[in-house]
Number of protein chains: 2
Amino acid sequence: MISNIDHLGLAVHSIATARVFYEEVLGLTCEAEEEVASQQVRTAFFTVGQTHIELLEPTDPTSPIAKFLENRGEGIHHIAYRTDDIEAQLATARRQGLRLIHESPIIGAGGKRVAFLHPKGTAGVLTEFCE
Amino acid sequence: MISNIDHLGLAVHSIATARVFYEEVLGLTCEAEEEVASQQVRTAFFTVGQTHIELLEPTDPTSPIAKFLENRGEGIHHIAYRTDDIEAQLATARRQGLRLIHESPIIGAGGKRVAFLHPKGTAGVLTEFCE
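A brief structural summary. (Residues numbered from 1 in each chain as written. Chains lettered and ligands numbered in written order. Predicted model: local features only at pLDDT ≥ 70, side-chain atom pairs only at ≥ 80, totals over all residues. Heavy atoms only, no water.)

The subject of this paragraph is the interface of chain B and chain A. Each side of the interface is counted separately: chain B has 40 residues, and chain A has 40 residues. Both sides together, the interface formed by chain B and chain A hides about 3,000 Å², and carbon and sulfur atoms give 69% of it. A per-residue breakdown of the area chain B buries against chain A is headed by Phe 21, Val 25 and Ile 76 of chain B, which together make up 18% of the total. In this structure, the connection of chain B to chain A is made through zero salt bridges. Joining chain B to chain A, the criterion identifies five residue pairs in polar contact (both at pLDDT 80 or more). (Contact = heavy atoms within 4.5 Å. Buried area = accessible area lost by both parts, 1.4 Å probe. Salt bridge = Lys/Arg side-chain N within 4 Å of Asp/Glu carboxyl O. Polar contact = N/O pair within 3.5 Å; in protein donor to acceptor, adjacent residues only side chain to side chain.)

Given below as structure tokens:
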């Protein structure tokens, strides 16, 4: 079952530059900064209610985020939904004929179990499940 | 002050097609469908925790959403933050040198007072304040 939006991933060229808006204009607090080596990104998380804004800055030109920035520029990269049973959620998606990027969960930022669905099948939205 | 993410606006060609993912895979419930004549869109709202997913389907080829679909295809269109004082929030944004699309609030879906910031200045994210 989906309980809430866990976070929104935003692709940025520079966390140092982008964070000014989230801190100074929205008044949010950065609760964690972390490098996720498997995705070649640096992340910064800001809490807003039940959800977080995750700024994603590539650490390498071959990072998926670097490619996103090259193709589309800065902007919203993905929506992550929190689920209490990621395997069940993936099974439902599979049953509905959706294309999964991860057939089984991988470890994402904060040590959470996560899996991505392909934007084809979700009206163009890269969607993550997060347990 | 920003309390939470009020909704995420997703641009879609067809609400009828896109809603299947939100209802059948995510298990969300549509709580309202509404046409917003001023924006030439039809909207459908799905609740997920404190937030809503707002599907946006253009009702006219000159709609801002029709132009977004033409340029970028289906995907995430904007993030809306709930504030208890939209004028104060706009004043803070103005002080930080951000470009405002609406200098003062307009009436959006559900009769809420809303205002948009230009994505230039927010790392490419079309951002809405919503009171």
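Having seen the structure, we can now continue with the description.
What follows is about the layout of surface pockets. Of the pockets and cavities examined, the largest pocket occupies roughly 1,000 Å³. Contributing to the lining of the largest pocket are 47 residues, with Phe 68, Ile 76, His 77, His 78 and Leu 126 of chain A lying nearest its centre. Here the lining of the largest pocket gets six residues from one element, more than from any other, and that element is helix H2 (residues 64-72) of chain A. For the lining of the largest pocket, a count of residues per class yields 23 nonpolar, 15 polar and nine charged. The volume enclosed by the second largest pocket comes to roughly 410 Å³. Along the wall of the second largest pocket there are 25 residues; nearest its centre are Gln 39, His 77, His 78, Phe 116 and Glu 128 of chain B. (1 Å grid on protein atoms, 1.4 Å probe; cavity = no way out; pocket = protein on both sides within 12 Å on 5 of 7 lines; lining within 4 Å. Points joined across faces, edges and corners; volume = space filled by probe spheres on them. Helix = DSSP H or I, 4+ residues; strand = E, 2+ residues; numbered from the N terminus. Nonpolar A, V, L, I, M, F, W, Y, C, P; charged D, E, K, R; others polar.)

Another aspect to go through is the pairing of strand S2 (residues 30-36) of chain B. All names here are of chain B. Inspection of the sheet shows S2 paired to strand S3 (residues 41-48) by six bridges, in the antiparallel sense. Its bridge partner being in S3, Ala 32 is matched across the sheet by Phe 45. Hairpin connection between S2 and S3: a loop of four residues separates the two successive antiparallel strands, and Gln 40 in this loop has a positive phi of roughly 50 degrees. (Pairing = 2+ DSSP bridges.)

So, about helix H1 (residues 15-25) of chain A. Residues and elements named next belong to chain A. Restricting attention to buried positions, one finds in H1 the residues Ile 15, Ala 18, Arg 19, Phe 21, Tyr 22 and Val 25. The distance from a side-chain oxygen at the start of H1 to the backbone nitrogen of Ala 16 is 3.3 Å, and the residue carrying that oxygen is Ser 14. Once H1 finishes, Gly 27 follows within two positions and takes phi at roughly 75 degrees, a positive value. (Buried < 20%, exposed > 50% of the residue type's maximum accessible area, 1.4 Å probe, protein only.)

Attention shifts here to H2 of chain A. Residue and element names in this part refer to chain A. Listed in full, the buried residues belonging to H2 are Ile 65, Ala 66, Phe 68 and Leu 69. Each buried residue of H2 lies within a common arc of 160 degrees when the element is viewed along its axis, so the set occupies one face. Those residues of H2 that are exposed and angled more than 90 degrees off the buried face are Glu 70 and Asn 71. Lining the buried residues of H2 we find strand S1 (2-11), strand S3 (41-48), strand S4 (51-58) and strand S5 (75-83). Its side-chain oxygen placed 3.1 Å from the backbone nitrogen of Ile 65, Ser 63 serves as the N-cap of H2. Backbone geometry just after H2 places Gly 73 at a positive phi near 80 degrees. (Arc of directions from axis to C-beta.)

This next bit is on the relation of the copies chain B and chain A. Structural alignment of chain B on chain A gives an RMSD of 0.0 Å, achieved by rotating through 180 degrees and translating 0.0 Å along the axis. Such values leave the two copies arranged in the relation of a two-fold axis. A symmetric contact is evident, with 100% of the interface residues of chain B recurring at the interface of chain A. (Least-squares fit on C-alpha atoms with pLDDT ≥ 70 in both.)

On to unusual backbone geometry, then. Residue and element names in this part refer to chain A. The phi angle at Ala 123 is positive, at roughly 50 degrees, despite the residue not being glycine. As for its position among the elements, Ala 123 is in the loop between strand S7 (113-117) and strand S8 (127-130). Classification of Ala 123 as buried rests on a relative accessible area of 14%.

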